[in-house]
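Spelled out from the first residue to the last, the chains are:
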Amino acid sequence: MTSFNRSTSRRLKKLTQIPSVWEGDRRPLSSPSQHSDSEAKGECILWVDYSQGVVRGMDVVASDIGPEAIVRTLMQAMEHPQSPARPARPQRIVVKDREIQFYLRGVLQDLDIAIDYAPELPLIDELFRGFADILDSQTPDLPPQYAQILREKAFAIWQAAPWEFLEEQQILSIEINKWDVGTLYASVMGMLGMEYGILFYRSEESLKQFRAAVLRDEESTEHLEEAFLKQDCLFLTFESADETDEEDDLADLPLSEIDPTFGNIHPLEGLRSVLYDEEALVILVAIESLSRFIRDHRRQLHEDIFPTLSRRYRISLPQSEESTKSIAVTVSTMPQLAAELEEMAGFGVDDQEIGNLDFQSLQDDLIPEDSFLSLGVVSWEMLEYLRKGVSYHPAGEIKQVGDGLPVILIQTSRPKAKTVIERIETVGGLRAICFNPGADSFDGDRYDLGLLQTQNGELFLFGEFLDEDPIHVEARKKWNQRCKNTKGYCGLIIAKGLTGASRGNPQLRDMMALFEARSLSPKDLGIGTLQLMPQLKFE
């Protein structure tokens, strides 16, 4: 058994011993009427002076913390008690747990304090009854009768992962016409890998006003917060159950570590992470109908063009005071609104200008065959060093959003790197980077082709990646997310050192040129799927 060291015992014995009886106990925070998975987790440790009727020490600890915690709280009660009590040592301590009694007798044996047992602790019992009343009077985050089914539906959405193919501006309307709700407008968050969830706007006007405010004040934190609180929507968001995992992408975590959160935002209420009965039913119906729509139209929603789709569902309601057992809900895509929001944000303007060029034959002689190639990101801090230390070719004003600038890194020998840089510079620099589908008609393999487009419109192949390669699929997913973050800006880094110690991991001193460019989609490039010809070149 752990005991005080001698110096601690001497210090505690110097405290004035007062003729009083202290009660001590450790009990769960949740009240008997609360569910076991209540947010009120942990245990409360209390030390009170029964003679004076005051609380001397209190602490909240995890339920798996050992008996040492009750001693630590007792020491605080003696040396640093809560006001108005003064530092002191009691003559007698009473507890109602035999294990705690025997433990304290061993630990406090040098302090001349009697440790007794009593089946009832009147003052502490009264305090904990008060705590239970407070907990019972608190409004739960979700109505108890809907809490379990809401969480189940939320996890179904998480596993469906609509953010893998739906962008925030690709709005889905959910026509409910019940509980004073007409149509909700669902905006899916998560394609950028930053925040995952769904906003259910109560009006199209609220959605547009928020988007306009964000675009107008994206540099002002204060104005963004004001715009955020002026939204009129219900929401479902996902967070890490472990707060220490904030730096991780939620998509990489197992389902057991994902925690769904529901709530409401309204200009007059602000943010409220509590749903009342009718709100819970509305969002339950919205999530269920959205899940079915995603299940039925997943293939069409994956297409580059946001399609026009609509489907009607009958959604069963959980047993409640509602007399209605089910309601009809219509879910539809809103391509016209999506186009309006994209135009508002200025998406695609520059890309269209770049993409509408005369297509010339694809060349594969720019990048040396033995080069090391990787898709990655350069932090904003490192980017500043690069711009000052290498041959730098800017493409425009890039806002520092996300973890950095997405880049294609090509490492080769110094002479070959100089040749690549000179060739790109000779034709006016780099215009765009694109990944375009390719196919081999002989063996049926499909490829993701990495292309560089120079300012004179020429296209150069820099990489061929099998569609089924899981490493490339993950790298491309991150590339897309980062390019969305930077509004289409990316870069090409040419580095030397292929045969040296830094092979495959070039350092700043190895980097020779940075070409900033725009990222193009296959649709923007407009050349279709490239077929591998007998000459073993894509044409």
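What counts and what doesn't
Each chain has its residues counted from 1, following the order in which its sequence is written. Given that this is a predicted model, residues contribute local features only at a pLDDT of at least 70 and side-chain atom pairs are listed and counted only at 80 or more, while totals for whole chains, interfaces and linings are drawn from all residues. Hydrogen atoms and water are omitted, and side-chain values are computed over all heavy atoms in the structure. With axes taken as lines fitted to C-alpha atoms, and helix axes fitted only over the stretch in contact, angles between N-to-C directions fall between 0 and 180 degrees. By definition, any uninterrupted DSSP run of H or I lasting at least four residues is a helix, any uninterrupted run of E lasting at least two residues is a strand, and each is numbered from the N terminus. Angle categories are assigned with fixed cut-offs, so that under 35 degrees is roughly parallel, over 145 is roughly antiparallel, 65 to 115 is roughly perpendicular, and the rest are oblique. Handedness of a crossing is defined here by the sense of rotation of the near helix relative to the far one, left-handed for an anticlockwise turn of less than a right angle and right-handed for a clockwise turn. In what follows, residue pairs with any heavy atoms lying within 4.5 Å of each other are defined as contacts. For two strands to pair, DSSP has to find at least two bridges joining them. Only protein chains enter the accessibility calculation, which uses a 1.4 Å probe. A residue is then buried if its area is under 20% of the maximum for its type, exposed if over 50%, and partly exposed in between. Values of pLDDT, the confidence the predictor places in each residue, fall between 0 and 100. Patch membership requires over 30% relative accessible area and the absence of a salt bridge. Like charges are linked within 9 Å, and nonpolar side chains (Val, Leu, Ile, Met, Phe, Trp, Tyr) within 5 Å. Shrake-Rupley sampling with a 1.4 Å probe provides the accessible areas, and residues are treated as covered by the protein chains on show and by no other component. Just to be clear on terms, a salt bridge is a Lys or Arg side-chain nitrogen sitting within 4 Å of an Asp or Glu carboxyl oxygen. Here a Phe, Tyr or Trp ring, Trp counted by its six-membered ring, pairs with any other such ring whose centre lies within 6.5 Å, and the pair is stacked when the planes are under 30 degrees apart, edge-to-face when over 60, and tilted otherwise. Our definition puts a charge over a ring when NZ of Lys or CZ of Arg is within 6 Å of the ring centre and also within 35 degrees of the ring normal. The term nonpolar core refers to a set of buried residues drawn from Ala, Val, Leu, Ile, Met, Phe, Trp, Tyr and Cys, joined through side-chain atoms within 4.5 Å. Note on residue categories: nonpolar means Ala, Val, Leu, Ile, Met, Phe, Trp, Tyr, Cys or Pro, charged means Asp, Glu, Lys or Arg, and polar means any other residue, Gly included.

## Observations regarding the packing of helix α1 (residues 6-13) against helix α2 (residues 68-79)
Axis separation between α1 and α2 bottoms out at 11 Å; the angle between their running directions is 40°. By the criterion of interaxial angle, the relationship of α1 to α2 is oblique. As α1 packs across α2, the resulting crossing turns out to be left-handed. Residues Thr8, Arg11 and Leu12 of α1 pack against Met75, Met78 and Glu79 of α2.

## Observations concerning the sheet that holds strand β3 (residues 54-61)
Spatially, five strands are ordered β3-β2-β1-β4-β5 in an open sheet, and the strand pairing comes out mixed. The sheet terminates laterally at β3 and β5 (114-117), the two strands that pair on one side only. Neighbour-to-neighbour, the strand axes of this sheet turn through a mean angle of 20°, independent of strand direction. Both strand β2 (residues 43-49) and β3 contribute to a ladder of seven bridges, which runs antiparallel. Within β3, the position partnered with valine 48 by the bridge is valine 55.

## Some thoughts on the pairing of strand β18 (residues 430-439)
Burial within β18 is extensive, with eight of its 10 residues counted as buried. Here β18 pairs with strand β19 (residues 446-454) via nine bridges, running antiparallel. Bridging from a neighbouring strand, phenylalanine 435 pairs with glycine 450 of β19. Note: β18 against strand β22 (residues 511-520), three bridges, orientation parallel. Pairing of cysteine 434 across the sheet is with leucine 520, part of β22. Alignment of β18 against strand β23 (residues 530-531), held across two bridges, turns out to be parallel. Within β23, the position partnered with alanine 439 by the bridge is glutamine 531.

## Quick notes on the confidence of the model for the chain
Taken as a whole, the chain shows an average pLDDT of 84; of its residues, 87% reach a score of 70 or greater. Here helix α10 (residues 349-355) is the element of the chain with the lowest mean pLDDT, 40, and strand β6 (residues 172-178) is the one with the highest, 96. pLDDT under 50 marks residues 534-539. Its contacts with residues more than four places away, or in other chains, come to 16 contacts.

## With respect to the environment of alanine 328
You can see alanine 328 is positioned in strand β13 (residues 326-333). It is 8.8 Å that separates the C-alpha atoms of alanine 328 and asparagine 177, two residues lying 151 residues apart in sequence. Setting aside chain neighbours within four positions, we find alanine 328 in contact with Glu175, Ile176, Arg312, Tyr313 and Arg314.

## Structural notes on a nonpolar patch on the surface
A cluster of nonpolar side chains, Phe228, Leu229 and Leu271, forms an exposed patch at the surface whose accessible area comes to about 230 Å². Classification of phenylalanine 228 as partly exposed rests on a relative accessible area of 33%.

## A short note on the pattern of salt bridges
One pass over the full model with this rule turns up 26 salt bridges. One salt bridge connects glutamate 288 with lysine 153, and the closest N-O pair in it is separated by 3.0 Å. Here glutamate 288, found in helix α8 (residues 277-301), pairs with lysine 153, found in helix α5 (residues 144-160); they are 135 residues apart in sequence, far enough to count as distant. The class of glutamate 288 is buried, set by a relative accessible area of 14%. Using a relative accessible area of 24% as the deciding quantity, one classes lysine 153 as partly exposed. Of the charged contacts, one joins aspartate 510 and lysine 496 as a salt bridge, the two residues approaching to 3.6 Å between their closest N and O atoms. Of this pair, aspartate 510 sits in the loop between β21 (489-495) and β22 while lysine 496 sits in the loop between β21 and β22, and the two are 14 residues apart along the sequence. The pair formed by aspartate 510 and lysine 496 is uniform in burial state, with each residue classed as buried. Each of Asp25, Arg27 and Asp125 takes part in salt bridges that share partners, so that together they form one network.

## What about the pairing of β2?
The element β2 is largely enclosed, with a buried count of seven among its seven residues. Residues Glu43, Ile45, Trp47 and Asp49 line one face of β2 and the alternating positions Cys44, Leu46 and Val48 line the opposite face, and both faces are buried. The turn linking β2 back onto β3 is made up of four residues, and glycine 53 within it adopts a positive phi angle of 70°.

## Some remarks on the packing of aromatic side chains
Applying the stated criterion across every chain, the model contains eight aromatic pairs. Measuring from centroid to centroid gives 5.0 Å for tryptophan 158 and phenylalanine 238, while their planes differ by 50°, and the two rings are tilted. Highlighted residues: tryptophan 158 in helix α5 and phenylalanine 238 in strand β9 (residues 233-240), separated in sequence by 80 residues. Here tryptophan 158 and phenylalanine 238 have matching classes, each one buried. Each residue in the set Trp158, Trp163, Tyr196 and Phe238 is aromatic and connected to the rest through ring pairs, giving one cluster. Above the plane of the ring of tyrosine 117 lies arginine 98, whose end atom (NZ or CZ) is 3.7 Å from the centre. The ring of tyrosine 489 is capped by arginine 518, whose NZ or CZ atom sits 4.3 Å from the centre of that ring.

## Thoughts on the nonpolar core
Nonpolar side chains tend to gather and get buried jointly when the protein is soluble and globular. One finds Ile157, Ile174, Ile176, Phe200, Phe238 and Phe262 to be the most contacted residues of the largest nonpolar core, which totals 52 residues. Looking at this core, the element that brings in the most residues is α8, giving 12 residues. Counting 26 residues, the second largest nonpolar core, distinct from the first, contains Val61, Leu74, Leu104 and Leu111.

## Remarks on the environment of leucine 74
The residue leucine 74 is located in helix α2 in this model. What makes leucine 74 buried here is its relative accessible area of 0%. Taking C-alpha positions, leucine 74 is 8.2 Å from glycine 24, a pair spaced 50 residues apart along the chain. Excluding anything up to four places from it in sequence, leucine 74 contacts Trp22, Trp47, Ile93 and Leu108.

## Remarks on the packing of α5 against α8
Any two packed helices are characterised by the angle at which their axes cross and by the distance between the axes. It is the contact of α5 with α8, at a shortest axis distance of 10 Å, that shows an interaxial angle of 30°. Taken together, the axes of α5 and α8 lie roughly parallel to each other. In the crossing of α5 with α8, the sense of the turn from one axis to the other is left-handed. Here Gln145, Tyr146, Ile149, Leu150, Lys153, Ile157 and Ala160 of α5 lie close against α8, whose contacting residues are Asp277, Ala280, Leu281, Ile283, Leu284, Ile287, Glu288, Leu290, Ser291, Ile294 and Arg298. Broken down by class, the residue content of the contact of α5 with α8 amounts to 12 nonpolar, two polar and four charged.

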